[in-house]
Amino acid sequence: MPIITFIEPDGRRRECDAADGETILDVGQRFGIDLEGSCEGCMACSTCHVIVGEDWFSKLEVASEEEDDMLDMAYDLTKTSRLGCQVVLNDGLDGIVVNLPSAHHNLMD
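So, here's what we can say about the structure. The structure presented is a predicted model; accordingly, all values stated were derived computationally and were not measured.

**Section: the pattern of salt bridges**
Throughout the structure, instances matching the rule amount to four salt bridges. One salt bridge connects Arg 12 with Glu 8, and the closest N-O pair in it is separated by 3.6 Å. A relative accessible area of 48% means that Arg 12 is categorised as partly exposed. Between Glu 22 and Arg 30 there is a salt bridge, with its nearest N and O atoms 2.7 Å apart. In this structure Glu 22 comes out as buried when scored by relative accessible area, which is 16%.

Structure follows, in structure tokens:
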């Protein structure tokens, strides 16, 4: 069972248990982390934008072109930004650390 650490904008760290096959968005919402996911994980918004720790970013599958396009709308975009709905967790990602951006752009409203 992978563990994921969310770092809130204020620096507070929250460790959460994940099941293999869950996405970062799934885990975040289950634990009350501020990941909106307005499109319910269908990659039609950027409200589940997370900033993956540099040590972990290279261990992820490469983002699709569609994900890159959606990330263009994200606030605080970085070179290690990903959509939480597109990162599927597994034992190889046990210990992954993600930072939450200080704000989200919700174009779905």
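Now that the structure is up, let's keep going.
**Thoughts on the environment of Ser 58**
Summarising the element assignment, Ser 58 is placed in the loop between α2 (54-57) and α3 (65-71). Put simply, Ser 58 and Phe 31 are 27 residues apart on the chain and 26 Å apart in space, counted from C-alpha to C-alpha.

**Some points on the pairing of strand β1 (residues 3-7)**
Along a regular strand, successive side chains alternate from one face of the sheet to the other. The element β1 is extensively covered by neighbouring structure, given that four of its five residues are classed as buried. As paired elements, β1 and strand β2 (residues 13-17) share five bridges and run antiparallel to each other. Each bridged residue has a counterpart across the sheet, and for Ile 7 the counterpart in β2 is Arg 13. Connecting β1 to the antiparallel partner β2 that follows it, the hairpin turn spans five residues, and Gly 11 within it adopts a positive phi of roughly 95°. Bridge count between β1 and strand β5 (residues 96-99): four bridges; the pairing is parallel. Residue pairing across strands places Ile 7 opposite Asn 99, the latter belonging to β5.

**Looking at the side chain of Thr 80**
Looking at the element boundaries, Thr 80 is found in the loop between α3 and β4 (81-83). When its relative accessible area of 8% is taken as the criterion, Thr 80 is described as buried. Here the side chain of Thr 80 touches Val 52 through a polar contact of 2.8 Å, landing on its backbone oxygen. When residues no more than four places from it in sequence are discounted, the contact partners of Thr 80 are Val 50, Ile 51, Val 52, Glu 54 and Phe 57.

Calculation criteria
Residues numbered from 1 in each chain as written. Predicted model: local features only at pLDDT ≥ 70, side-chain atom pairs only at ≥ 80, totals over all residues. Heavy atoms only, no water. Salt bridge = Lys/Arg side-chain N within 4 Å of Asp/Glu carboxyl O. Buried < 20%, exposed > 50% of the residue type's maximum accessible area, 1.4 Å probe, protein only. Helix = DSSP H or I, 4+ residues; strand = E, 2+ residues; numbered from the N terminus. Pairing = 2+ DSSP bridges. Polar contact = N/O pair within 3.5 Å; in protein donor to acceptor, adjacent residues only side chain to side chain. Contact = heavy atoms within 4.5 Å.

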